[in-house]
Amino acid sequence: MTDLIQNSIDNVMHNQPDEIFDSRSDGIYYVKTSFGRNQKVLTQEQRICAPVEIAAKFHDPELGDKWGLLLKWSDPKGKNHEQTIFYRQLEESPKLVRGALMDEGLKIYCRPGTGDLFIKYLVQENPERTASIATRTGYFEDGDKQVLILPNGPIKTEDSNLDVIFKGQSNLKGMEEAGSLVGWQQSVGKLALNSKRMMFAIQASLASLLLKPLGLQSQAFHFAGASSTGKSTILKVTSSVLGTKDLVLSWRAADNGLEAVAIALCDLPLLCDELGQNTSPQNLDQIIYMLGNGTQKIRANIDGKDKEVKHFRNTIISTGEKDVQELLHEAGKGATAGVQIRLPVIPADAGFGQGVLESLPSECVDFLQYEAKLKQATNDNHGQVFIEFARHLLDVINSPERLQKLKNSYSNYVQKFSKESLSGFIATDEIKRVTNGFALVGFTGGLASKWEITGWSKEQSQDCVYACHEAWLNNQNSVQYSHEEQELISRMRKLHDQQQYHFSYDAKEKWGYIDHDGNLVMYVEAYKEHIVGSTSQAKVIKANKFLIKHGWMIPDKNGKRSSQSIRSQRYYVLKDPETENLPENFEGFFTKS
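Scoring rules and cut-offs
- Residues numbered from 1 in each chain as written.
- Predicted model: local features only at pLDDT ≥ 70, side-chain atom pairs only at ≥ 80, totals over all residues.
- Heavy atoms only, no water.
- Helix = DSSP H or I, 4+ residues; strand = E, 2+ residues; numbered from the N terminus.
- Buried < 20%, exposed > 50% of the residue type's maximum accessible area, 1.4 Å probe, protein only.
- Contact = heavy atoms within 4.5 Å.
- Areas by Shrake-Rupley, 256 points an atom, 1.4 Å probe, with all protein chains shown as cover.
- Salt bridge = Lys/Arg side-chain N within 4 Å of Asp/Glu carboxyl O.
- Pairing = 2+ DSSP bridges.
- Axes fitted to C-alpha atoms, helices over the stretch in contact; angles between N-to-C directions.
- Parallel < 35°, antiparallel > 145°, perpendicular 65-115°, else oblique.
- Left-handed = near helix turned anticlockwise from the far one by under 90°.
- Nonpolar A, V, L, I, M, F, W, Y, C, P; charged D, E, K, R; others polar.

1. Re the overall build of the protein chain
In step 1: Looking only at helices and strands, the protein chain features 20 helices and 21 strands.
In step 2: The proportion of buried residues among the 593 residues of the protein chain is 51%.
In step 3: Pairs at least 24 residues apart make up 65% of the contacts formed inside the protein chain by residues separated by at least 6 positions.
In step 4: For the protein chain, the computed accessible surface area is about 29500 Å², with 47% contributed by carbon and sulfur atoms.

What follows is the structure in structure tokens.
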């Protein structure tokens, strides 16, 4: 007879009928004691379920501090299970709760009344352990302190007593540790010195931890180039910062799949291989906007009400043979400035005949041998770099004074980086915004060197960022023009080749005609569609002013109105782009002709 039952009988002897739940080796029992005839104590026992442990009560800060229970049990094959259940579910959906647990192998005896007894057992138990629950990785508030949640446990400061249960996406693979930080520095870190693009990507992956403390949105970079240049190797090496190569994702996933992973990996890097393999190229711009803005799509619950929209922050490091401009063009769409500044393109080829490398290490005869050494190095040492960087950063951001100093240092660094890297350019707002993203990586690299995380000197951590920014900037033409202005110039240049199809006397789709001076007289509607790309009057006026300013549109005789009319047919008079002073070899900002 257990102590619980004896206490129950004692209560009955003192005219206090009692009922208890007794945990035994073969399950949970409901035991009721009462008086029978002749004041005889009667004990009734009923097994309600197989052995189950109520391991903790928890609260979920992300869901308004709602409370619940953490259950643990083993199924008939001995596989261990964990499940979190909110108290509200026990009240509103007891059958669904029992059904979900039974589906995972917890035996619940369904005799009349036993189901309710099981729910009653869960409600009345009060486990000693009280914990917080985290449903995704990333920063987590512990009172006035920040901790970082990872699937293999929280990273926190020494003075934090936070008890966290991680119940995020269970199929996240690759977040694990092997070797040591020093081992990584002496192998992976040393080999990466031969590629500024690899170094840049490694520092960009660490930059994901600075997004929230600095109040920044997600930042992405895309390495584009021909096959066999080492683009995928960049991602494999970068994955060693946090774990294994299993962390490298594929752009092949649908937008919903990438969104779910981005949420699950909040404040961590997203490593996405082969942009061209995305299954929805026509929606690629929307996917990039979603990832860049860090906001989940609005969806409805079963009752039609909007679900809570989740936000996330990531640094995204992408590769592919083509860039987003080319892929959207192939899908019959144009790439807006907003899309392209969210996924700036760095040419993968460093230009030294070794793909992404500037040079080969002396001990390697070719890239294949170099790649083999990297593979061995990343297999032996991975996972420590991110964790050590996070520990140092948590010490900073959990001190208000040091956090403010960090923000001030970042602001000063961005100004310095922009001034130096854009010297000699008349940069647009788009150029400046992308440059700020590169500055974030440079600032991160400086911290990693200062804290002796990567094993690289401060100069090395900066050289790789300036080199990649220069490669990106050199890949852009006519940076003195805004994206919209460059689109205008790009469309104007195409007009010369389109004359015979749209301006000739017998053209099937007639946009206008050629006057005696060789000018293109273009009908207003055709101009709006094929030159401005919009029917918005504001955009038309803006385009007119730009083209008149550069002498590519002839205004009316008063010089005030650019549109003219003959017999109620309104038109614009444009100069033939082939004979005018358009930028030489112009390809356009983010544009491939």
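2. Comments concerning the pattern of salt bridges
In step 1: With the rule as written, the count across this model stands at 11 salt bridges.
In step 2: Through salt bridges with shared partners, a single network forms among Asp 22, Arg 24 and Glu 45.

3. Concerning the pairing of strand β9 (residues 145-150)
Each regular strand carries side chains that alternate between the two faces of the sheet.
In step 1: When you tally the buried positions in β9, you get 5 out of 6 residues, the bulk of the element.
In step 2: Strand direction decides the pairing type here: strand β8 (residues 138-142) and β9, joined by 5 bridges, are antiparallel. Looking at β9, one finds that Phe 140 is bridged to Val 147.
In step 3: Counted between consecutive antiparallel strands, the loop separating β8 from β9 contains 2 residues, among which Gly 143 sits at a positive phi close to 65 degrees.

4. Focus on the sheet that holds strand β4 (residues 53-60)
Strand pairing in a sheet relies on backbone hydrogen bonds, with the paired strands running either antiparallel or parallel.
In step 1: Reading across from one edge, β6-β5-β4-β7-β11 is the order of the 5 strands in this open sheet, with mixed pairing throughout. Across the chains shown, the open sheet's two edge strands, defined by having one partner strand only, are β6 (80-86) and β11 (164-166). Taking each pair of neighbouring strands and ignoring which way they run, the sheet shows an average axis angle of 35 degrees.
In step 2: Judged from the 3 bridges that link them, strand β7 (residues 130-134) and β11 form a sheet pairing that is parallel. Across the sheet, the residue bridging to Ser 132 is Val 164, located in β11.

5. Some thoughts on the sheet that holds strand β12 (residues 219-224)
In step 1: One open sheet holds the 5 strands; their spatial order is β13-β14-β15-β12-β16, and the pairing between them is parallel. Because the sheet does not close on itself, it has two edges, and the strands there are β13 (248-250) and β16 (345-347). Within the sheet, the average angular offset between the axes of one strand and its neighbour, ignoring direction, is 30 degrees.
In step 2: Judged from the 3 bridges that link them, strand β14 (residues 270-273) and strand β15 (residues 315-320) form a sheet pairing that is parallel. Residue Cys 272 lies in a different strand from β15, and its bridge partner there is Ser 318.

6. Observations concerning the packing of helix α6 (residues 196-207) against helix α8 (residues 231-239)
In step 1: Here α6 crosses α8 at 45 degrees, and the two axes come no closer than 9 Å. When the interaxial angle is binned, α6 and α8 end up oblique. Where α6 crosses over α8, the handedness of that crossing is right-handed. The residues of α8 that touch α6, namely those facing Arg 197, Met 198, Ala 201, Ile 202 and Ser 205, are Thr 233, Ile 234, Val 237 and Thr 238.
In step 2: Class assignment for the residues of the contact of α6 with α8 results in 5 nonpolar, 3 polar and 1 charged.

7. A word on the pairing of β4
In step 1: Of all 8 residues making up β4, 7 are buried, and the element is well covered by its neighbours.
In step 2: Alignment of β4 against strand β5 (residues 66-74), held across 7 bridges, turns out to be antiparallel. From the neighbouring strand, Phe 58 faces β5, where its bridge partner is Gly 68.
In step 3: The loop that links β4 with its antiparallel partner β5 comprises 5 residues; one of these, Gly 64, has a positive phi angle of about 75 degrees.
In step 4: Of the strand pairs in this sheet, β4 and β7 are connected by 3 bridges, and their pairing is parallel.

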